[in-house]
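# Remarks on the overall topology
Read off the chains here:
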Amino acid sequence: MPRRIRSATLETRTARAKLAQQRKPYWIAVAPGISLGYRRNAGPGAWNVRAADGKGGNWIKSFGLADQVRSRR
């Protein structure tokens, strides 16, 4: 059975809310050459994936929004 990837900083909405807002995502390695990233924005955060292309480079693709919090007015 494969091991589970765990990240205390990305696992829960509460932990992600404590992260500082920044332009670059917080990355966690999922498999060799593949990483999952979370970018905290002013609004909802964004999930990204980064994969190595095998030639020393990589590509990054955004694939979803996270933590859609309704504003309290």
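Before reading on, note that the structure itself is shown above.
Throughout, residues of each chain are indexed from 1 in the direction in which the sequence is written. Per-residue local features are limited, in this predicted model, to residues with pLDDT of at least 70; the limit for side-chain atom pairs, both in listing and counting, is 80 or more; totals at the level of whole chains, interfaces and linings are taken over all residues. Only hydrogens and water are set aside; all other atoms, that is, all heavy atoms of the structure, feed into the side-chain values.

### Comments concerning the overall build of the chain
Quick reminder of the rule: Secondary structure elements follow DSSP: runs of H or I no shorter than four residues count as helices, runs of E no shorter than two count as strands, and numbering proceeds from the N terminus. Residue exposure (1.4 Å probe, protein chains only): buried if accessible area is under 20% of the type maximum, exposed if over 50%, otherwise partly exposed. By definition in these notes, contact holds between two residues if any of their heavy atoms fall within 4.5 Å. Exposure was quantified through the Shrake-Rupley algorithm and a 1.4 Å probe, taking into account, for residues, occlusion by the shown protein chains and nothing else.
Within the chain, the regular secondary structure consists of one helix and four strands. Ordered by position from N to C terminus, the α and β elements of the chain give α-β-β-β-β. Taking all 73 residues of the chain together, 23% fall into the buried category. Contacts in the chain between residues at least 24 apart in sequence constitute 13% of all its contacts with a sequence separation of at least 6. Of the roughly 6,000 Å² of accessible surface on the chain, 52% is carried by carbon and sulfur atoms.

### Regarding the sheet that holds strand S4 (residues 58–66)
To keep it simple, the criterion reads: Strands pair, by our definition, only if DSSP identifies at least two bridges between them. Orientation is described by axes fitted as lines to C-alpha atoms, over the contacting stretch for helices, and by angles from 0 to 180 degrees between their N-to-C directions.
Taken in spatial order, the four strands of this open sheet run S1-S2-S3-S4, and their pairing is antiparallel. Edge positions in the open sheet fall to strand S1 (26–31) and S4, since each of these has one partner strand only. Each strand of the sheet is rotated relative to its neighbour by a mean of 25 degrees, with strand direction disregarded. Sheet topology note: the strand S2 (residues 34–39)/strand S3 (residues 45–52) ladder contains six bridges and is antiparallel. Paired with Leu 36 across the two strands is Val 49, which belongs to S3.

### Some words on a nonpolar patch on the surface
The line we're drawing: Here, patches come from residues exposed beyond 30% relative accessible area and free of salt bridges, joined within 9 Å for like charges and within 5 Å for nonpolar side chains (Val, Leu, Ile, Met, Phe, Trp, Tyr). Take a side-chain nitrogen of Lys or Arg and a carboxyl oxygen of Asp or Glu: if they are within 4 Å of each other, that pair is a salt bridge.
A grouping of Ile 5, Val 30 and Ile 34 is seen on the molecular surface, where their side chains present a nonpolar patch of about 210 Å² in accessible area. Among the structural elements, Ile 5 can be located in the segment before helix H1 (13–17).

### Points about the side chain of Arg 16
Within the secondary structure, Arg 16 sits in helix H1. A relative accessible area of 9% means that Arg 16 is categorised as buried. Ignoring sequence-local partners within four residues, the contact set of Arg 16 consists of Thr 9, Leu 10, Glu 11, Tyr 38, Arg 40, Trp 47 and Asp 67.

### So, the pattern of salt bridges
According to the stated counting rule, one finds one salt bridge in the structure shown. Its salt-bridge partner being Arg 6, residue Glu 11 comes within 2.6 Å of it at the nearest N-O pair. Taking the relative accessible area as the measure of exposure, Glu 11 reaches 41% and is therefore partly exposed.

All quantities given are derived from atomic positions and should not be read as evidence of function.
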